[in-house]
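What follows is each chain in one-letter form.
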Amino acid sequence: MKNPSPTSTASGQASESTENDPTKILIVDDEKSLRIGFRMALESEGYETSYAEDGEEALQILEKKGENYYGVMLLDVRMPGLDGIQVLRKLRADGNYLPTILCSAYMDSVTAIEAVQLGVVDFLCKPVLPPQIWGVVQKVLSEEANASEPDHKRPLLSRVRYFLRRQRLNEAIEVLDQAEERDEKPDKQNLWNLIVHHLKAFEQGKDNESKFASSRFYRAANLLGHLAYNVDNEP
């Protein structure tokens, strides 16, 4: 990992550099103690952090810095004013697909379902320990960094999660269909098939704004998360 000198900046003090740097992370949380905790955990690993105290401030920072300035955003769900989901809606409506890790101690099914439909495939449940933060951040940044590699050199799972972060569902399904042609272990092959099944069911039912269709998308995202973090290695 690149190891810059750790620094943290508030929105009014952020550097004016426009360099794309995956080690730059935006922390959005209304609780000061949590912002400090995230900052200390990330800076101890060489990341550079900025923070916003609410959703409105986060949008102002991102508008100023641009989509590619930060490598990833850690976003709280429940905040005064604009909450995390409202921030995501605004960003996606503006074509900003900054990889986002949603952090919350309270995650109901409705919120989680909308989050994955807005391109979130990585979650942290508070309270969270530094190794958990490092693991999720490193996974996201690794998958994003490999996006420029030829498809045959990229793990299939990384490609799927990359497309889902950008709400490119049909491309994700196309990649998943390729898993059927691979020599997979039976247990993992069954997971791939189930993910494809859920995503296709969502694609077929989404025009009806069906809660059932949305739940299928959520189940697929959950299985992708299971594969990314719990099943030996990516295919």
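Computed from a predicted structure; not experimentally measured.

Conventions we followed
- Residues numbered from 1 in each chain as written.
- Predicted model: local features only at pLDDT ≥ 70, side-chain atom pairs only at ≥ 80, totals over all residues.
- Heavy atoms only, no water.
- Helix = DSSP H or I, 4+ residues; strand = E, 2+ residues; numbered from the N terminus.
- Expected span 1.5 Å × (residues − 1).
- Buried < 20%, exposed > 50% of the residue type's maximum accessible area, 1.4 Å probe, protein only.
- Axes fitted to C-alpha atoms, helices over the stretch in contact; angles between N-to-C directions.
- Parallel < 35°, antiparallel > 145°, perpendicular 65-115°, else oblique.
- Left-handed = near helix turned anticlockwise from the far one by under 90°.
- Contact = heavy atoms within 4.5 Å.
- Nonpolar A, V, L, I, M, F, W, Y, C, P; charged D, E, K, R; others polar.

The first and last C-alpha atoms of helix α5 (residues 130-145) sit 22 Å apart over 16 residues, in line with the 22 Å expected at 1.5 Å per residue. Residues of α5 that are buried include every one of I133, V136, V137, K139, V140, L141, E143 and E144, and no others.

The next thing to look at is the packing of helix α1 (residues 32-43) against α5. Interaxial distance between α1 and α5 falls to 10 Å at its minimum, and their mutual angle equals 65°. In this view, α1 runs roughly perpendicular relative to α5, as classed from their interaxial angle. Both α1 and α5 take part in a crossing whose hand is right-handed. Residues F38, A41 and L42 of α1 touch α5, and the partners they reach there are P130, I133, W134 and V137. A per-class count over the contact of α1 with α5 returns seven nonpolar, no polar and no charged.

Let us now look at the environment of E174. The residue E174 is located in helix α7 (residues 169-177) in this model. Here E174 falls in the exposed class, since its relative accessible area comes to 53%. Put simply, E174 and V160 are 14 residues apart on the chain and 9.0 Å apart in space, counted from C-alpha to C-alpha.

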